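# Coordinates in review
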Amino acid sequence: MEDPDIRIDKYLWAIRVFKTRTEASDACKTNKVKINDKETKPSREIRPGDVIEIRKGSVHYMYRVIEPIGKRQGAANVHLYAEDITPQDELDKLNAPVETVFLKRDRGTGRPTKKDRRMIDKLMDLY
């Protein structure tokens, strides 16, 4: 059994939510990590049963602490220390199609003329 006084930044790094402990610490400092619906500092200690919410981009990941761990774990062992309880609608945001319009201009044609610009704007209004 691991020592129960494990910092949240160290735990998030250990269960592979962040690549580095510095990234985990910065996420806590910028209010992207909550424990039991309360914003937290990187030094906050976690306990079994705590629910951690992490905002990465537009997705809010949620994990339940099974056992605090301070050593980095292999991906196959993460389920022993954290339960992923992220709602499916949040995970669907990862696969949402991104609608973008890309206009290709021939090399060397320079900046668009006023007429070109109007055509581009008209095309953009269709989307």
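Scroll up to find the structure this text is about.
Attention in this report is confined to the structure presented alongside it. Predicted, not measured: the structure shown is a model, and the values here were computed from it.

Conventions we followed
- Residues numbered from 1 in each chain as written.
- Predicted model: local features only at pLDDT ≥ 70, side-chain atom pairs only at ≥ 80, totals over all residues.
- Heavy atoms only, no water.
- Helix = DSSP H or I, 4+ residues; strand = E, 2+ residues; numbered from the N terminus.
- Contact = heavy atoms within 4.5 Å.
- Areas by Shrake-Rupley, 256 points an atom, 1.4 Å probe, with all protein chains shown as cover.
- Phe/Tyr/Trp six-rings, centres within 6.5 Å; stacked < 30°, edge-to-face > 60°.
- Lys NZ or Arg CZ within 6 Å of the ring centre and 35° of its normal.
- Buried < 20%, exposed > 50% of the residue type's maximum accessible area, 1.4 Å probe, protein only.
- Pairing = 2+ DSSP bridges.
- Polar contact = N/O pair within 3.5 Å; in protein donor to acceptor, adjacent residues only side chain to side chain.

### A few points about the overall build of the protein chain
From N to C terminus, the protein chain includes 4 helices and 7 strands. Put simply, the protein chain runs from its N terminus to its C terminus through helices and strands in the order β-α-α-β-β-β-β-β-β-α-α. Counting contacts in the protein chain only where the partners sit at least 6 residues apart, residues at least 24 apart contribute 46% of the total. In the structure as shown, the protein chain presents an accessible area of about 9200 Å², 49% of it carried by carbon and sulfur atoms.

### Re unusual backbone geometry
A positive phi angle is found at Asn 36, which is not glycine, with a value near 50°. Mapping Asn 36 onto the fold places it in the loop between strand S2 (33–35) and strand S3 (38–39). Of note in the backbone geometry, Asp 37 takes a positive phi value of approximately 65° without being a glycine. Looking at where Asp 37 falls in the secondary structure, it is placed in the loop between S2 and S3.

### A look at the packing of aromatic side chains
Under the definition given, this model contains 0 aromatic pairs. Over the ring of Phe 18 we find Lys 56; its NZ or CZ atom is 5.0 Å from the centre of that ring.

### Concerning the environment of Val 65
With respect to the helices and strands, the residue Val 65 is situated in strand S6 (residues 59–65). If sequence neighbours within four positions are ignored, Val 65 has contacts with Tyr 11, Ile 46, Arg 47, Pro 48, Gly 49, Asp 50, Ile 52 and Tyr 81.

### Focus: the pairing of S6
A regular strand places its side chains on the two faces of the sheet in alternate fashion. The alternating pattern of S6 places Val 59, Tyr 61, Tyr 63 and Val 65 on a buried face and His 60, Met 62 and Arg 64 on a face that is not buried. The antiparallel hairpin formed by strand S5 (residues 51–56) and S6 contains 2 residues in its connecting segment, where Gly 57 sits at a positive phi of about 70°. When S6 meets strand S7 (residues 82–84), the two strands line up antiparallel, connected through 3 bridges. Within S7, the position partnered with Arg 64 by the bridge is Glu 83.

### Some details on the side chain of Thr 86
Following the sequence through the fold, Thr 86 ends up in the loop between S7 and helix H3 (88–92). Here Thr 86 falls in the buried class, since its relative accessible area comes to 11%. Only 3.0 Å separates the side chain of Thr 86 from the backbone nitrogen of Met 62, close enough to count as a polar contact. Polar contacts involving the side chain of Thr 86 include one to the side chain of Asp 84, which spans 2.6 Å. Non-local contacts of Thr 86, meaning those with residues more than four positions away in its chain, are made with His 60, Tyr 61, Met 62 and Leu 91.

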